Amino acid sequence: MCGIVGYSGKKSCLPILLGGLEKLEYRGYDSAGVAVYDGSKVKTVKTQGRLVLLREKLRNGLPGTCGIGHTRWATHGAPSDVNSHPHGTDRLTLVHNGIIENYSELKEELTQKGYSFISQTDTEVAAKFLDACYDGDPISSIRKAVSHFRGSYALAIIFFDRPNTIYALRQGSPLIAADTEEGSMIASDIPALLEYTRDFYLPDEGEILEITENNIRFFDSGGNPAEKKKVTANWSAEAAEKGGYPHFMLKEIYEQPEVVSLTVKTYLTEKCKLSEKPAKRILISACGTAMHAGIAAKQAIEELAGIPVVVDIASEFRYRSPVFCEGDQFIVISQSGETADSLAALRLAKKAGIPTIGLVNVQGSSIAREADHVLYTYAGPEIAVASTKAYNVQLAALFAVSIALAVQNGRLSEEEADWYLSELAAMPEKIKKVLALEKEVAEAAKRFNASDHCFFIGRGMDYAAAQESSLKLKEISYIHSEACAAGELKHGTISLITEGTPVVAIATHPRLWEKSLSNILEVRARGGAVLLVCQENVPVPEGTADILLRIPSCPPLFTPMLTLPLMQLYAYHSAILRGCDVDKPRNLAKSVTVE
Ligand code: M6R
């Protein structure tokens, strides 16, 4: 949530800042702003709305070689010009990603000192609190100020008496830095800097960075100079471009065969065991789509490896009193590796002494750094707010883990495991076949688009797929949608099915086909309009569905890997038909680094 960038170098900084913000706009798009030192003073330009409006405001340029920029996802205070970043005083200006939780306490203290406020943001409070602490020494003043802050934040600051230098730090929010041939840079995420370098510094929490034209210095939380090594990202600059597709989401949907193949190949080579001793119980915690991948993993791990699995929404897990048992292992799943609730859940498990595993897509992210053991997925950068390819690679990795656990537990022989693994390796070609159905899916979306409601039903793995399909549809098309376990429908939700209500029935599991069919007929009997997703070669009685989409046959446990690409396309076309901005749905942001 929120993206920050900073540049100090020899070049004109505005194009670099705006280019970086464009790559970070997926993190929030309520407002945007920059502050640039023009040789005599630091000038700030900001506006409510998308980056394109800021570009318009800056069409005559803003000279200068040192500056900071921000794209906002509103937390404290509505999206407005005045609440846009940067915020500051007559001695400094800063941009902020995260939340200062005790801002009202700090504001009260500042008010008593004579400070006044023009915005509703916690960021203005942070800026003024830093101003009150500023004694001419940036490092010690920042240390003093942040020792009073509670919450998560990444800050980039320019003090007006050192206008060619940027100071930055992170506490709970992401920040990377790079010294490139063009100059020194910081950003909230890798895609913002990929055009210039793939080698990054990953500041530790509490470390302060001093960024000048040709140098980046690090100071530990005690204020002492710190040594830092670079890490190299395995992403290319092109991976963060649309590559001819109208939207990142569509591009990312179509990347699935390739990234699933890469992930599966890596897992086949690495023979992914979680630990030497098999877990007695596995706890999985995550948010949104990643949590839905966890729900699918639960079924695979329980069925193949016979290990009980508990899946928890991270924001719930962290605030109840979870009971840990001896032999537990904890898996946190996250594309970004920065989701605040998932990170907190990981820390809770670590504190309880449970071995932790992070399944993450972003190298060097907070979860990757804090988990005891990291399993990577290889989706490359996922830019669209709606997660698509990340889900499928999470499934691929988790299914590979389930197979490895089953071998470790003696529930699968090597031959049986090899069969599953070869089926997993065959999935990318099957995903391609599913993607070839885009035209039919677009037609189906058109047929159901008039309704503001949609229900997804399924059993077992199909229920897991239904939950993710429903999230996809609602988050980008704003059609109200609900996923219901097909057998549960008659316990309440069926009262909402009336003449023409769209129901997407996912029924790919041969063993559950007849049960699912009965539930579909119950829907039909109430006038529901049914889009049925089933495996090829399954005889479907006449009149069962209004629209039928078939996926290639595969082991029942793997079916969400095929159902989801179909349903992602369904959500995409539904959203396009409604004129929605699919890559940047309202009120959302890609990386949820606040609670
Ligand atoms: O980066 P993470 O995987 O931790 O993100 C988790 C959720 O915020 C994310 O999946 C979100 O639900 C997406 N908008 C779903 O498309």
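Analysis parameters
Residues numbered from 1 in each chain as written. Predicted model: local features only at pLDDT ≥ 70, side-chain atom pairs only at ≥ 80, totals over all residues. Heavy atoms only, no water. Domains from an automatic or database assignment. Axes fitted to C-alpha atoms, helices over the stretch in contact; angles between N-to-C directions. Helix = DSSP H or I, 4+ residues; strand = E, 2+ residues; numbered from the N terminus. Parallel < 35°, antiparallel > 145°, perpendicular 65-115°, else oblique. Left-handed = near helix turned anticlockwise from the far one by under 90°. Contact = heavy atoms within 4.5 Å. Nonpolar A, V, L, I, M, F, W, Y, C, P; charged D, E, K, R; others polar. Near = heavy atom within 4 Å. Polar contact = N/O pair within 3.5 Å; in protein donor to acceptor, adjacent residues only side chain to side chain. Expected span 1.5 Å × (residues − 1). Buried < 20%, exposed > 50% of the residue type's maximum accessible area, 1.4 Å probe, protein only. Arc of directions from axis to C-beta.

Draft legend 1. Focus on the domain arrangement of the protein. Partitioning the protein into domains gives domain 1 (3-239), domain 2 (242-425) and domain 3 (436-581). Put simply, the middle of domain 1 and the middle of domain 3, counted by C-alpha atoms, are 44 Å apart.

Draft legend 2. Examining the packing of helix 14 (residues 427-435) against helix 18 (residues 560-577) more closely. Their axes nearest at 9 Å, the elements helix 14 and helix 18 cross at an angle of 30 degrees. One way to sum up the angle between helix 14 and helix 18 is to call them roughly parallel. Remark: the crossing between helix 14 and helix 18 carries right-handed chirality. From helix 14, Met-427, Lys-430, Ile-431, Val-434 and Leu-435 reach across to helix 18, where they touch Met-561, Leu-562, Pro-565, Leu-566 and Leu-569. Each residue belonging to the contact of helix 14 with helix 18 can be placed in one class, and the counts come to nine nonpolar, no polar and one charged.

Draft legend 3. Quick peek at the site of the ligand. Neighbouring residues of the ligand: 14 residues in total, closest Ser-334, Gln-335, Ser-336, Thr-339 and Glu-475. Take Thr-339: an N or O atom from its side chain is 2.4 Å from an oxygen atom of the ligand. For the shell around the ligand, the secondary-structure elements that each account for two or more residues are helix 8 (288-305) and helix 16 (461-477). With three residues, the single largest contributor to the shell around the ligand is helix 8. Considering only residue class, the shell around the ligand consists of five nonpolar, seven polar and two charged.

Draft legend 4. Focus on helix 13 (residues 414-425). Helix length check: helix 13, at 12 residues, gives a terminal C-alpha distance of 16 Å against a target of 16 Å (1.5 Å per residue), a fit within 8%. Ala-417, Tyr-420, Leu-421, Glu-423 and Leu-424 are the residues of helix 13 that are buried. Looking straight down helix 13, one finds its buried side chains confined to an arc of 155 degrees; they lie on one side.

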